[in-house]
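Overview (structure and organization)
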Amino acid sequence: TWHLKKIPQIVRERTFSLDSPKFEAKTKLELNSVCGIECQRKLPVSSLSDLKNLLSYETVFENGTRTLTEVNVLGAVLDPAGNTTTRRPSRKKRQVYGTDSRFSIYDKRFMTNFPFNTAVKISTGCSGILVSPKHVLTAAHCLHNGKDYVKGSKRLRVGLMKTKSRGNGRKRKGTSDGMPSFQWTRVKSTHIPKGWFKGVSGDIALDYDYAVLELKRPHKRKYMDLGISPTIKMMPGSMIHFSGFDNDRSGQLVYRFCSISDESNDLFYQYCDAEPGSTGSGIYLRLKEPNKKKWKRKIIAVYSGHQWVDINGEQQDYNVAVRITPLKYAQICFWIHGNDGNCTQG
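Residues numbered from 1 in each chain as written. Predicted model: local features only at pLDDT ≥ 70, side-chain atom pairs only at ≥ 80, totals over all residues. Heavy atoms only, no water.

1. As for the environment of Tyr318
For the record, the criterion: We count a stretch as a helix when DSSP gives it H or I for four or more residues in a row; a strand needs E for two or more, and each element gets its number in order from the N terminus.
Locating Tyr318 in the fold gives a position in strand β18 (residues 314-323). For the pair Tyr318 and Tyr269, spaced 49 residues apart in sequence, the C-alpha separation works out to 6.6 Å.

2. Some details on the pairing of strand β11 (residues 211-215)
To keep it simple, the criterion reads: Accessible area is worked out with a 1.4 Å probe on protein chains only. A residue is then buried under 20% of its type maximum, exposed over 50%, and partly exposed in between. When DSSP finds two or more bridges between two strands, those strands count as paired.
By the criterion of burial, β11 is predominantly enclosed, with 5 of the 5 residues buried. Neither face of β11 is exposed, since Ala211, Leu213 and Leu215 on one face and Val212 and Glu214 on the opposite face are all buried. Bridge count for strand β8 (residues 135-138) against β11 is 4 bridges, and the pairing is antiparallel. Looking at the pairing, Leu137 lines up with Val212 of β11.

3. Description of the nonpolar core
Short version of the rule: Throughout, nonpolar core names a set of buried Ala, Val, Leu, Ile, Met, Phe, Trp, Tyr and Cys residues whose side chains join them through atoms within 4.5 Å. By the convention used here, residues are in contact when the closest approach between their heavy atoms is within 4.5 Å.
With 67 residues, the main nonpolar core has Leu55, Leu137 and Val158 as its most contacted residues. With 8 residues, helix α5 (residues 326-337) is the largest single contributor of residues to this core. In this structure, Leu137 is in contact with Gly128, Ile129, Val131, Ala211, Val212, Leu226, Gly280, Ile299, Val302, Ile324 and Ile332, ignoring residues within four places of it in sequence. Counting 17 residues, the second largest nonpolar core, distinct from the first, contains Trp2, Met235, Ile260 and Ile283.

4. Re the state of the cysteines
Stated formally: When two cysteine sulfur atoms lie within 2.5 Å, the pair is treated as a disulfide.
This model, assessed by the stated rule, comprises 1 disulfide. There is a disulfide in this structure between Cys126 and Cys142, and the S-S distance comes to 2.1 Å. Between Cys126 and Cys142, the S-S torsion sits near -95 degrees, and that sign places the bridge as left-handed. Here Cys142 lies in the loop between β8 and β9 (157-164) and Cys126 lies in the loop between β6 (119-122) and β7 (127-130), a separation of 16 residues in the sequence.

5. Here we look at the packing of aromatic side chains
Going by this rule: Aromatic pairing here means that ring centres of Phe, Tyr or Trp (its six-membered ring) are within 6.5 Å. Orientation follows from the plane angle: under 30 degrees is stacked, over 60 is edge-to-face, and everything else is tilted. For a lysine, the NZ atom is tested; for an arginine, the CZ atom; a charge sits over a ring if that atom is within 6 Å of the ring centre and within 35 degrees of the ring normal.
Counted under the stated rule, the structure contains 9 aromatic pairs. Between Tyr57 and Trp335 the ring centres are 5.5 Å apart and the planes differ by 75 degrees, which places this aromatic pair in the edge-to-face class. Highlighted residues: Tyr57 in strand β3 (residues 57-61) and Trp335 in helix α5, separated in sequence by 278 residues. Using a relative accessible area of 3% as the deciding quantity, one classes Tyr57 as buried. Note on Trp335: relative accessible area 5%, which makes it buried. Plain terms: the ring middles of Tyr208 and Tyr210 are 6.4 Å apart, the flat faces sit at 35 degrees to each other, and that makes the pair tilted. Ring-pair connections join several aromatic residues into one group, and the members of that group are Tyr57, Tyr208, Tyr210 and Trp335. Taking the ring centre of Phe114 as reference, the NZ or CZ of Lys222 above it sits at 4.3 Å.

Okay, here's the thing in structure tokens:
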């Protein structure tokens, strides 16, 4: 069941103009992090002043201008347990683990219907997910490397799936319903939390690897609601699902599901088969609505991609996702609605 939780308030305090970004960073779809599973367990709990700093955010507009918005955080519950995790047996090595368990979606009936139609392609080479009539959730590192915005984010576009038939618009016998093509829409503005920037966190902070894009025009398609990320033990079979546009399957929408191996307060560690290009996909669950018989899918994390981490002098790897905590729910919801009036219950 989706459990309602009281959500902290993110309140805008001041907004400053900043110099325009250089847009000179290279897009990097595979990250090296200095803080792995063991390191996450030992991270101290953020203080309220830390949270105000980490959850302040930059906004970049399509004309290249940039602002910094400082926020206050009201009603936050600071977890004294810190980044505790649940140990589970896990496999290692590579982004595709053993037998490739990904599914390419070819059938038009699935591709253009919920939940697969919520997946979008970002012009920098990543994926994303529709979270409102005008907003897309994706990974921050698809747009910014921690120091500067990537080259392709200056004229950022989002590709919404449509299907094209082969031949002269007619479907031939024995062929699939068509491969996806994209209707590209310009991005009006981009929000990235300050916690992602190296000057604030000291190094890349995976906990804040998420961003929201505002489209110039509404897309008029069904989107997926945000949800608060439950713990592993509250998930049916510990299973998560996501769809994206993996680089090794060009032009195809790729769906996968798998169980989570480990968790911290802010991250899920898992071995879902995935390749670069699916980074930024929305990870979702299907749970029952409280006091109703209806089931509902909600986004509970953002797929951050494949990470190499140095642990005790050894290189280890895993696929990681950024959990939507009550604080991140409040921030993303605030970016979508422009106020916290619609964000009081997760």
